[in-house]
Amino acid sequence: MKRRLIADTPLHTLQAQLASAGVFVAMPPFVVHIRSGIAVVAEGLHRMYAGQHWWAEEGEFADFRVEVRARRRWLRPMCEFQADGLQPFTPLALGEAFAMLEWGLNWCITGYCHHWLALHAAVLERGGRAVILPAPPGSGKSTLCASLMAHGWRLLSDELALIDPSTGLLTPCPRPISLKNASIDILRQRLPHVPMGPVAHDTLKGTVCHLQVNADSLARAAEPAMPGWVIFPRYQSGAPLSLQPRGKAEALLELQRNAFNRHVHGHRGFEVLADLVTRTGVYDFTYSQIDEALACFDALAAEQGAA
Amino acid sequence: MAESGVTYTLNQPRFAFRHWDDGCVAHDEADGSLYELTPAAGLVLTELQAMGGQADGMALASKVLQAQPEHDDIQLIQELMVQLGELGIVRLEPA
Amino acid sequence: MNLAHDFLAALRTPSLMGQFTPRQWDTVIRLARASDLTARLAVLARQADVWAHIPEGPRRHLRAAELMCERQHVELGYEVKEIGLALSSLGGPVVLLKGAAYVRAGLAAGWGRASSDVDILVPRELLQDAESLLLLKGWTSSSKSAYDQRYYREWMHELPPMTHMKRGTVLDVHHAILPLTARLHPSSAQLLAAALPFDDGTGLLHLQPVDMVLHSATHLVHEGEFEQGLRGLVDLDSLLGEWSAQPGFWAELVARADALGLARPLFHALRQVHRHLGTHMPEEVLADVAALPGARPGRWALWWMDAMWARVLRAHHPMLNDRWTGVAREFMYLRGHWLRMPPGLLLRHLARKGWLGLTRPDASGEASKDSAADQPGQHTQT
């Protein structure tokens, strides 16, 4: 099985293969098979997954088989996402096809990840301990997450904390960081050398774009991480930096709002989350300046032992 | 000092709970609901569990207080248990 | 079909799963997912003691399905307790049907089986009382229109689906296993009389073994939509495997089919389960069933039905489609409706509904295809 690095593959080669039999891409811990005849999907894949491997030959187990297809609806060019015959979304404008692929992959993973206890949260690791950042959309989590990654924290995921219920450890699943609206410009300024993907305008979520996962995070994608902190972040313009410990019981209740497959694990899911808040430093975090925020996280990481 | 005529039984394995200084959370396996309880409730449930999951008001109050309970203490326990009974976490049966 | 070979082999000989290559697993998992049989493969793999030999990739998917199913079984346990409590004063038998019964009875048919709804059977004369008792305990009737209500109560064999307000669980209350409008009328009284109690304190009952088999066969054969067709076959195969070694079982099954007028469904079901899953059955059984009055269709009808069954009973995945799959699905869809509502009644039904171009959503929320197919609450496969 000849695996090739996407970065070493000319775009037109990738595009041709994608449009015909499709490509397998390693997206640890998953293997995904993708087919698409749409140019922006090939471009997005080529840029955002540059550091990852692909191959064409059948023979391995693919966790998901997806397709993004072009369609015409009343003369408007659209695209639709299919996961092995299922179509979970209504079609979108053709220009959003790469974003659609990413959303579709999220759908697949969240639909079939019940092997783990899963939380909607960003996860990054430093010095052997991971910080879990549960946050609803609009909390500035993506900007913070991308900045932390560029600052030296290993990215496990910008969206999904996967906890192994038998060990309590976090499984990495690093994928391009999804950015919306204001955070796109902020990060373009902050991180001008980090590749960003195709921009999709006027989507349901506004303007949407992705940021490439760095090489270090990818290289260590097979390394689970021990949780060290659970931090509920909130961006508030002009607000002073604030890191306040949070009560465990209250934190557990807040956390479970982000734990979308907790019920599948029954009591064990409850115990896993209870252990998580017991053994980690749990905080509320408010910030308005990214550099201040990074310094605060550095200080946390420098502390010896759990808080 | 009136002795409580009720036996309190922890509704296990349907309910599980965890208890910290700042509060207690109970989990209902039947539908996945979580209940936020006071630290005091957590303490009482922990002691009840340590007593094998079943006790009467007097015994429970003694264990919780680590001392001979007053009438008021047993009253408080009773009220707490009634509330927990409404949530289904505890069953109340005549002794 | 060749592509499904490994998948079907895994269902019949679970130990084979210990030797599948990643490539084989790729196809098997896709088909299992499409047929809602992933959890069953997981259970079978554990029992065959090959779990440790399964590569990590597919094993994660098996585990995920296994967890979902285990969770569903826990919830089912609480649900049947509540149902038993609510109907404890009914004054008549309450029989748990299909998937819920298989799981609660600990049958092999219940392994890895998750069902969304619970189905029960009660005597027709107690149907109203049952509904009242359930309404008292927090269930609500899901149908709104007067037409729906009438449709269910007069013509079908069940109440409109009932949903529990707090738990959101769905309960289908039947008084017969086939609609009143169908051509076959297996006697509910006989089914209820032979029902056996669960040993779990709920007061609920389950059908006796041969009746469970006949119900499964009838349900499969009368179905219109076959997304769960293969699972229905697996149910039947499993039920037969549970009891077929018991002396006198086959003879009793044939006799009971005759007594209940279910010879034709049994004929089709046994024939298909044998062809598709290789279910063992004594030679003479098929002949005995075929000999029953009304059992065996004419030669051409049989040839046609075999071709139809061959398509709709496959795992419901595009990779197994051939030129005839679309035709077969449409034919069987219409046949399902025709079996439930003979032409005379269909026309009247049409006249009331269809001419005005009304589309009424069925219980699953999808708009009806056309008025002839107006069927609120396609009773959910479990």
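Residues numbered from 1 in each chain as written. Chains lettered and ligands numbered in written order. Predicted model: local features only at pLDDT ≥ 70, side-chain atom pairs only at ≥ 80, totals over all residues.

## Looking at the overall build of chain B
Helix and strand content of chain B: three helices and six strands. The secondary structure elements of chain B, listed N-terminal to C-terminal, are β-β-β-β-α-β-α-α-β. Against the compact-globule benchmark of 12 Å for 95 residues, chain B has a radius of gyration of 13 Å, which places it among compact chains. If one aligns the C-alpha atoms of chain B with their principal axes, the spans along those axes are about 40 × 30 × 20 Å. The buried share of chain B, taken over its 95 residues, is 35%. (Helix = DSSP H or I, 4+ residues; strand = E, 2+ residues; numbered from the N terminus. Rg over C-alpha atoms; globule rule 2.2 N^0.38 Å. Buried ≥ 20, exposed ≤ 12 C-beta atoms within 10 Å, placed from the backbone.)

## Focus on the interface of chain C and chain A
As a measure of interface size, the accessible area lost when the parts come together is often cited. Across the contact, 18 residues belong to chain C and 17 residues belong to chain A. Elements with a minimum of two residues in the side of chain C that touches chain A: α2 (22-35) and α4 (56-86) of chain C. Considering every element that reaches the side of chain C that touches chain A, the biggest residue donor is α4(C), with 10 residues. (Contact = placed C-beta atoms within 7 Å.)

## Describing unusual backbone geometry
Leave glycine aside and you will find that most residues have negative phi; peptide bonds, for their part, are mostly trans. The peptide bond linking A:P28 to A:P29 adopts the cis configuration, its omega dihedral lying at 5 degrees. Assignment of secondary structure puts A:P29 in the loop between β2 (23-27) and β3 (30-36). Between B:Q12 and the following residue, B:P13, the backbone shows a cis peptide bond with an omega angle of 0 degrees. Residue position: B:P13 is located in the loop between β1 (6-10) and β2 (15-20). Unusually for a residue other than glycine, A:D84 sits at a positive phi of about 45 degrees. Relative to the elements of secondary structure, A:D84 occurs in the loop between β6 (76-83) and β7 (92-93). Among the residues examined, A:D84 registers 18 C-beta atoms within 10 Å and is labelled partly exposed.

## A word on the sheet that holds strand β4 (residues 34-37) of chain B
Residues and elements named next belong to chain B. Strand order in the open sheet formed by three strands is β2-β3-β4, with antiparallel pairing between adjacent strands. Unpaired on one side and paired on the other, β2 and β4 mark the two borders of the sheet. Averaged over all pairs of adjacent strands, the angle between strand axes in this sheet comes to 20 degrees, irrespective of strand direction. Across six bridges, β2 lies against strand β3 (residues 23-28) in antiparallel orientation. Of the residues in β3, the one forming a bridge with A16 is H27. (Pairing = 2+ DSSP bridges. Axes fitted to C-alpha atoms, helices over the stretch in contact; angles between N-to-C directions.)

## Quick notes on helix α1 (residues 5-12) of chain C
Residues of α1(C) that are buried: C:D6, C:F7, C:L8, C:A10 and C:L11. Check the buried side of α1(C) and you find it contacts α2, α3 (38-47), α10 (229-243) and α12 (263-277) of chain C.

## Here we look at the domain arrangement of chain C
All names here are of chain C. Looking at chain C, the domain boundaries give domain 1 (1-76), domain 2 (87-207) and domain 3 (208-341). Between domain 1 and domain 2, the contact holds nine residues from the first and six residues from the second. Broken down by secondary-structure element, the contributors of at least two residues to the side of domain 1 that touches domain 2 are α3 and α4. Broken down by element, the side of domain 1 that touches domain 2 gets its largest block of residues, five residues, from α4. Grouping the amino acids of the side of domain 1 that touches domain 2 by side-chain chemistry returns six nonpolar, two polar and one charged. (Domains from an automatic or database assignment. Nonpolar A, V, L, I, M, F, W, Y, C, P; charged D, E, K, R; others polar.)

## Concerning the sheet that holds strand β15 (residues 206-211) of chain A
Residue and element names in this part refer to chain A. Read from one edge to the other, the open sheet built from three strands follows the order β13-β15-β14, with strand pairing classed as antiparallel. At either margin of the open sheet sits one strand with a lone partner, and together these are β13 (177-180) and β14 (200-203). When the angles between neighbouring strand axes are averaged without regard to direction, this sheet yields 35 degrees.

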